[in-house]
Amino acid sequence: MRRSFCSLLVLSALAVQAEDKPATLKFCHDNVDVYPWVVVGKGGLNLVHLKMVEQKLGLKFEMVSMPWARCLDEMRQGNMDGAFAASFKTDRLASGSYPMAGDKPDNRYMMMDGYSLYRLKGSNAGYDGKALTNVSGTVGAQQGYSIVDQLKGLGARVDDGARSADDNLRKLVAGRVQAVALQTLEGDNSIQQAEFAGKVEKVAPPLVEKPYYLMLSKQFVARYGGLSADIWNTVAAVRESAEYKKQVSQFK
């Protein structure tokens, strides 16, 4: 009788654990291309990365694309379990959670990227590592992206009305902005397109280089604290794995 009772307790505990594990996690991301991380028709390395995390943890992820500002707000409301890929901004702590060490995010990030300034060939607009140089006009940037605050901190007038890198480059070529600030890998890819090739160049050094994270909603972390830690730990492990690095080297 005692053995049967103990068996029932074990089965009950397993049932609770199974019930407490979400059937599907909904993660949102920006609905414009950010090469090589999310690319329409190719998937992108962020999606490859999270697919590996999904498989290793035995979870199911649903990826939802939407404008980035809306993505963060949907996560804040708990309608999305997470958002990727987000650089760290203090004000984003109101929208969701990063993997933290004290008051700063730790090394469980998805990838490293950054922002660079792009100008028309022949322009002297620049950046010297501390300040913008010869920039008296407007600088274009993507709506809702963290670089907007940095540009304003450097004293630039910012036009963040365009959502994609290509639309910002079109403004540059049309003379509507003096320079544009784009995520570096995406910008490097875009200026090789026929529309911009030979017209636009990148300024060195980059404006910033930093890690980007999978954020999780506060509601999700409050309910699934252990699982949240497992997800972030696995994100970091996959990032450093030979399997993922092979995918990175082969991505075009």
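Only a predicted model underlies this, so the values are computations on that prediction, with no experimental measurement involved.

Within the secondary structure, E62 is located in strand β2 (residues 61-66). When the C-alpha positions of E62 and C28 are compared, they lie 8.3 Å apart, and in sequence the two are 34 residues distant.

Along helix α3 (residues 68-77), the residues that are buried comprise W68, C71, L72, E74 and M75. In an axial view of α3, the angular spread of the buried residues amounts to 160°, which keeps them on one side of the axis. Packed against the buried residues of α3 are β1 (25-30), β2, β3 (82-87), β13 (208-216) and α7 (218-223). One or two steps after α3, the chain reaches G78, where phi turns positive at roughly 90°.

Now for the state of the cysteines. In total, this model carries 1 disulfide according to the counting rule given. In this model C28 forms its disulfide with C71; the gap between the sulfur atoms is 2.0 Å. Disulfide C28-C71: torsion about the S-S bond near 90°, hence right-handed. Of the two residues, C28 sits in strand β1 while C71 sits in helix α3, which places them 43 residues apart along the sequence.

The biggest cluster of nonpolar side chains holds 59 residues, and the ones touching the most others in it are L207 and L214. Membership of the second largest hydrophobic core comes to 10 residues, among which are Y118, A165, V180 and V200.

The subject of this paragraph is the pairing of β1. Most of β1 sits inside the fold, with 5 of its 6 residues counted as buried. Of the strand pairs in this sheet, β1 and β2 are connected by 6 bridges, and their pairing is parallel. Note on β2: the bridge partner recorded for D30 is M66. A crossover links β1 with its parallel partner β2, the connecting element being helix α2 (residues 45-57), and its sense is right-handed.

What counts, and at which threshold
Residues numbered from 1 in each chain as written. Predicted model: local features only at pLDDT ≥ 70, side-chain atom pairs only at ≥ 80, totals over all residues. Heavy atoms only, no water. Helix = DSSP H or I, 4+ residues; strand = E, 2+ residues; numbered from the N terminus. Buried < 20%, exposed > 50% of the residue type's maximum accessible area, 1.4 Å probe, protein only. Arc of directions from axis to C-beta. Contact = heavy atoms within 4.5 Å. Disulfide = S-S within 2.5 Å. Core = buried A, V, L, I, M, F, W, Y, C linked by side-chain atoms within 4.5 Å. Pairing = 2+ DSSP bridges. Right-handed = clockwise from strand over helix to strand, strands pointing away.

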